[in-house]
Amino acid sequence: MDSKVNIKDRWRSFISELLSYFNISEDLESQAEVEASIRSGVSFKGSQLLTLIFAIFIASLGLNTDSIPVIIGAMLISPLMGPIIGMGLGIGIQDYELLKRGLKNIIAAVLGSLLTSALYFLISPQYEGASQLLARTSPSIYDVFVALFGGAAGILSIAAKNKGQVLPGVAIATSLMPPLCTAGYGLATWQMHFFFGALYLFFTNMVFILVATWLGVKMFRFKCVVYQNAGRAKRVKYIVYSVVGATICVSTYLTVIMLQKNIFLDKAQYFVENEMVFPNTQVLNHKETFERGKRIIDVTLIGEALPKDSLQLAMMNKLDSVGLSGTTLNIRQGFSVTSNSNSGDDYKSNDKFYELMQNEIANKQSVIDSLRMLLAVHNQYSKESVSVSPEIKVLFPSIKDIALSQIVAASVETSASDTVNMIFVNSPSGLTASERNKLIQYMEVRLGKKNIHLTVNPSSFPWPSKSGKTL
């Protein structure tokens, strides 16, 4: 009985000690100090407003030039988190004046950011969407989790006595500034998919930073303001719950679409690279499209023309086997270049065609060089067999015939192979060991080869002297 009690006590002690590592009550500052810190960052006036404008220009330059370090620098400079965390505090302690002030300032900041970035991109000479720019237009459920955990780290760092360098990391992770600049780019170039996609990404980040702050305030057990309106608090909570729920639903839907697209692109690329392989025909280029539930694969082939109908039927059957049933497959055979074409796809096809032809020429040249080398070796041995005969007749009178060859010896058991230089001689009276060594040394010097193997009087060898032909 005592042993069971001891085990329970040890287990409780272990759990208590483990939980003590997660106890933050002693690390928190007072509510008054935390509120003062958050309230001071809610307003955009003076230096904070100018800092925001500078950060907008820096982020726009980074997106315009596709420079990751510049974009990160803009995120570190941006003061956008102040009003968002202020709104989360206002909801948590039911200070609706603070909530209203934070909302007014964030709206002003968003409008200012959109107008400033739109003005920049109207002036900027570069209008091509860079990769970092495009990356800010596809929000998903993952952005929800990033903003939620980033906001949690942010409010904890503000409330903790040992603040460290958490907020700069939160600013980078939650990425508030670049989406606003991307939305400004969409506004300047009148591309609404950029505008609404990036604006929704910013909205998602903002909402869940706010939610994380609100939950953090509740966990820290901050006291609410003295004069609170229960009805007003209920309405605010209803609005917040509705906004959060709608944001999660939209983000989940977009994530499902994104995952479906990624799965399709992976399967389509595998299909083209592994199934569309033909002896005398190659894939020049291929493009996969996934829009509004429609899946399309466009493939251009070059080389020997294949029967169109049978090719289409065979490829459609293979599409079903790799899980791409219902996909539209467009196969274009041959290659044509129009002189008045200026589209990006045609330029890519031209580049691909040029690269393919260069590789084909290089491969064929390699084969030609290899064949030339083999032919040179064969000719060398053929010529040497004839030219060396008079010399052999003088040096080795007992030798009647000689044959030179380079052969490949292969192992049946291990499939290992090696090239062997051979000398075959017809010497009816045979050769002494000294004569053999002398002959091998002579032929190594004459041919410029090492490790020459000698075979004397091979049986059933078709020597010229035996057939009546002269040497």
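Everything quoted here is computed from the prediction, not taken from an experiment.

Quick word on the sheet that holds strand β6 (residues 452-456)
The three strands are arranged β4-β5-β6 in an open sheet whose pairing can be described as mixed. The strands lining the two open edges of the sheet, one partner per strand, are β4 (401-410) and β6. Pairs of neighbouring strands in the sheet enclose a mean axial angle of 30°, with direction left out of account. Alignment of β4 against strand β5 (residues 417-426), held across ten bridges, turns out to be antiparallel.

Description of the confidence of the model for the chain
Predicted coordinates in regions of low pLDDT should not be interpreted in detail. Mean pLDDT over the chain: 75, with 77% of residues reaching 70 or higher. Within the model, pLDDT remains below 50 along residues 336-343, and this stretch shows four contacts once partners closer than five positions in the same chain are excluded.

Topic: the packing of aromatic side chains
Within a pair of aromatic rings, the relevant descriptors are the distance that separates the centres and the angle that separates the planes. Enumeration according to the criterion identifies seven aromatic pairs in this entry. Arranged with centres 5.2 Å apart and planes meeting at 80°, the rings of Y185 and F194 form a pair that is edge-to-face. By relative accessible area, Y185 is classed as buried at 2%. The exposure class of F194 is buried, given its relative accessible area of 5%. In textbook terms, an aromatic cluster arises when at least three aromatic residues are bridged by ring pairs, as seen for Y120, F121, Y185 and F194.

Here's the deal with the pairing of strand β3 (residues 328-333)
In the sheet, strand β2 (residues 294-303) pairs with β3 via six bridges, with the strands oriented parallel. What sits directly across from I296, in β3, is T328. After leaving β2, the chain enters helix α13 (residues 308-321) and then returns to the sheet as β3, a path that is right-handed.

Topic: the pairing of strand β1 (residues 281-291)
Both faces of the sheet carry side chains from a regular strand, because those side chains alternate between them. Pairing geometry for β1 and β2, over ten bridges, is antiparallel. Within β2, the position partnered with H286 by the bridge is V299. Counted along the chain from β1 to the antiparallel partner β2, the turn is two residues long, and its residue R292 has a positive phi close to 55°.

Regarding helix α16 (residues 433-447)
Along its 15 residues, α16 runs 21 Å from first to last C-alpha, staying within 8% of the 21 Å computed at 1.5 Å per residue. If you check which residues of α16 are buried, you get L439, I440, M443 and L447. With its buried residues spanning 100° around the axis, α16 presents them on a single face. Exposed residues lying more than 90 degrees from the buried face of α16 are S434, Q441 and V445. Once α16 ends, the next one or two residues include G448, with phi positive near 70°.

With respect to the environment of F145
The topology assignment puts F145 in helix α8 (residues 141-159). C-alpha of F145 to C-alpha of F208: the two residues are 63 residues apart in sequence and 8.1 Å apart in space.

As for the nonpolar core
Counting residues in hydrophobic clusters, the biggest one holds 53 residues, and the most contacted among them are L80, I106, M177 and F202. Considering every element that reaches this core, the biggest residue donor is helix α11 (residues 192-219), with eleven residues. Here M177 is in contact with L52, A55, I56, A59, S78 and L80, once residues within four sequence places are set aside. The next biggest cluster of nonpolar side chains, apart from the first, holds 17 residues, and it includes A268, V272, M315 and I331.

What about the packing of helix α2 (residues 31-39) against α8?
Where α2 meets α8, the closest approach of the two axes is 9 Å, and the angle between their N-to-C directions is 120°. When the axis of α2 is compared with that of α8, the two are oblique. Contacts between α2 and α8 pair V34, S37 and I38 from the former with I155, I158 and A159 from the latter. For the contact of α2 with α8, the class distribution of residues is five nonpolar, one polar and no charged.

Here's the deal with α13
Structurally, the α-helix is built with 3.6 residues per turn, so residues lying three or four positions apart point the same way. Here α13 contains 14 residues, and its C-alpha end-to-end distance of 20 Å stays within 8% of the 20 Å for a straight helix at 1.5 Å per residue. When we look at burial in α13, the residues that qualify are L311, M315 and L319. Within α13, the buried residues cover an arc of 75° as seen down the axis, which keeps them to one side. In this structure, α13 carries D309, L313 and S321 as exposed residues pointing more than 90 degrees from its buried face. Following α13 by one or two positions, G323 has its phi on the positive side, about 80°.

Some details on the sheet that holds β1
Judged by pairing direction, the sheet is mixed, and its three strands sit side by side in the order β1-β2-β3 without closing on themselves. At either end of the open sheet lies a strand with only one pairing partner, and these are β1 and β3. Adjacent strand axes in the sheet meet at a mean angle of 15°, parallel and antiparallel pairs treated alike. The sheet contacts of α13 involve β2 and β3, and relative to β3 the element is tilted by about 145°.

Quick word on unusual backbone geometry
A positive phi angle, close to 55°, is found at W190, a residue other than glycine. Looking at the secondary structure, you find W190 in the loop between α10 (177-189) and α11. Positive phi is not limited to glycine here, since N451 has a value of about 55°. Looking at where N451 falls in the secondary structure, it is placed in the loop between α16 and β6.

Criteria and cut-off values
- Residues numbered from 1 in each chain as written.
- Predicted model: local features only at pLDDT ≥ 70, side-chain atom pairs only at ≥ 80, totals over all residues.
- Heavy atoms only, no water.
- Pairing = 2+ DSSP bridges.
- Helix = DSSP H or I, 4+ residues; strand = E, 2+ residues; numbered from the N terminus.
- Axes fitted to C-alpha atoms, helices over the stretch in contact; angles between N-to-C directions.
- pLDDT = per-residue confidence, 0-100.
- Contact = heavy atoms within 4.5 Å.
- Phe/Tyr/Trp six-rings, centres within 6.5 Å; stacked < 30°, edge-to-face > 60°.
- Buried < 20%, exposed > 50% of the residue type's maximum accessible area, 1.4 Å probe, protein only.
- Right-handed = clockwise from strand over helix to strand, strands pointing away.
- Expected span 1.5 Å × (residues − 1).
- Arc of directions from axis to C-beta.
- Core = buried A, V, L, I, M, F, W, Y, C linked by side-chain atoms within 4.5 Å.
- Parallel < 35°, antiparallel > 145°, perpendicular 65-115°, else oblique.
- Nonpolar A, V, L, I, M, F, W, Y, C, P; charged D, E, K, R; others polar.

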